[in-house]
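# Per-entry structural report
Spelled out, the chains give:
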Amino acid sequence: SVPFLIRLFPSVLTKFVYLNFLAFPFFVDFRRPELLVNNTINLHLTTEPGVTVGIWHTVPGSRGAEARGQDRRWYEEALADAHPVIIYLHGNGGTR
């Protein structure tokens, strides 16, 4: 009966293959990354009209003391300085 159900409902297969409806660890607020990862802030960037991308900006440990207690503006300015930016694409889980 499983192949028959997959044939009728192909979206079910993708849910069970990728498990993108699960958010691990459970019961964690991913909008507050500073509770999970040091020197990190949640930002949203508008890449083009109508497209907004949510990001976590994490500064390296070498700038950790400098980042401690800073606000969103400091992190935005840190993105614009001469240091390289590494973009990590996390996959299909739906969480950062």
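No experiment lies behind these values; they were computed from the predicted model shown. (Residues numbered from 1 in each chain as written. Predicted model: local features only at pLDDT ≥ 70, side-chain atom pairs only at ≥ 80, totals over all residues. Heavy atoms only, no water.)

## Some remarks on the nonpolar core
Core analysis: the biggest nonpolar cluster contains seven residues, these being Ile41, Leu43, Val59, Ala67, Trp74, Tyr75 and Ala78. Taken together, the elements giving at least two residues each to this core come down to β1 (40-48) and α4 (72-79). Ranked by the residues each element gives to this core, the list is headed by α4, at three residues. (Core = buried A, V, L, I, M, F, W, Y, C linked by side-chain atoms within 4.5 Å. Buried < 20%, exposed > 50% of the residue type's maximum accessible area, 1.4 Å probe, protein only. Helix = DSSP H or I, 4+ residues; strand = E, 2+ residues; numbered from the N terminus.)

## Section: the pattern of salt bridges
For side chains bearing opposite charge, pairing can occur when the charged atoms are close. Here the structure, examined in full by the defined rule, presents three salt bridges. Between aspartate 81 and arginine 63 there is a salt bridge, and its shortest N-O distance comes to 2.9 Å. Pair noted here: aspartate 81 is in the segment after α4 and arginine 63 is in the loop between β2 (51-58) and α3 (64-67), with a separation of 18 residues, a long-range link. Across the pair arginine 73 and glutamate 77 runs a salt bridge whose closest N-O atoms are separated by 3.3 Å. Placement of the pair is arginine 73 and glutamate 77 together in helix α4, with a separation of four residues, close to one helical turn. Taking relative accessible area as the criterion, glutamate 77 reaches 44% and is therefore assigned partly exposed. One network of salt bridges, in which partners are shared, links Arg63, Glu66 and Asp81. (Salt bridge = Lys/Arg side-chain N within 4 Å of Asp/Glu carboxyl O.)

## Re the pairing of β2
Relative to β2, β1 runs antiparallel, the two being bridged by eight bridges. Looking at the pairing, threonine 46 lines up with threonine 52 of β2. The turn joining β1 and β2, which pair antiparallel and follow one another in sequence, is formed by two residues; a positive phi near 85° is taken by glycine 50. (Pairing = 2+ DSSP bridges.)

## Section: a nonpolar patch on the surface
Among the surface-exposed residues, Phe4, Leu5, Leu8, Phe9, Val12, Phe16, Leu19, Phe21, Leu22, Phe26 and Phe27 lie close enough to one another that they form a single nonpolar patch of about 1,200 Å² accessible area. Secondary-structure elements contributing two or more residues to the nonpolar patch are α1 (2-8) and α2 (10-18). Among the elements that take part in the nonpolar patch, α1 stands out by supplying three residues, more than any other. (Patch = residues over 30% accessible without salt bridge, like charges linked within 9 Å, V, L, I, M, F, W, Y side chains within 5 Å. Areas by Shrake-Rupley, 256 points an atom, 1.4 Å probe, with all protein chains shown as cover.)

## Remarks on the layout of surface pockets
Sizing a probe to match a water molecule and rolling it over the atoms shows the empty space that remains. Reported here for the second largest pocket is a volume of approximately 170 Å³. Around the second largest pocket, the lining residues are Glu34, Val37, Asn38, Asn39, Thr40, Ile41, Ala67, Arg68, Gly69, Gln70 and Tyr75. (1 Å grid on protein atoms, 1.4 Å probe; cavity = no way out; pocket = protein on both sides within 12 Å on 5 of 7 lines; lining within 4 Å. Points joined across faces, edges and corners; volume = space filled by probe spheres on them.)

## Quick look at the side chain of arginine 63
Looking at arginine 63, the relative accessible area reads 14%, which means it is buried. In this structure arginine 63 touches Trp74, Ala78, Asp81 and His83, once residues within four positions along its chain are discounted. (Contact = heavy atoms within 4.5 Å.)

## Here's the deal with the environment of valine 51
Position of valine 51 relative to the elements: it lies in strand β2. Look past the residues within four positions of valine 51 in its chain and what remains in contact with it is Leu45 and Thr46.

## Considering the confidence of the model for the protein chain
When the pLDDT values of the protein chain are averaged, the result is 80; 90% of them are 70 or greater. For the protein chain, the element scoring lowest by mean pLDDT is α2, at 78; α3 scores highest, at 87. (pLDDT = per-residue confidence, 0-100.)

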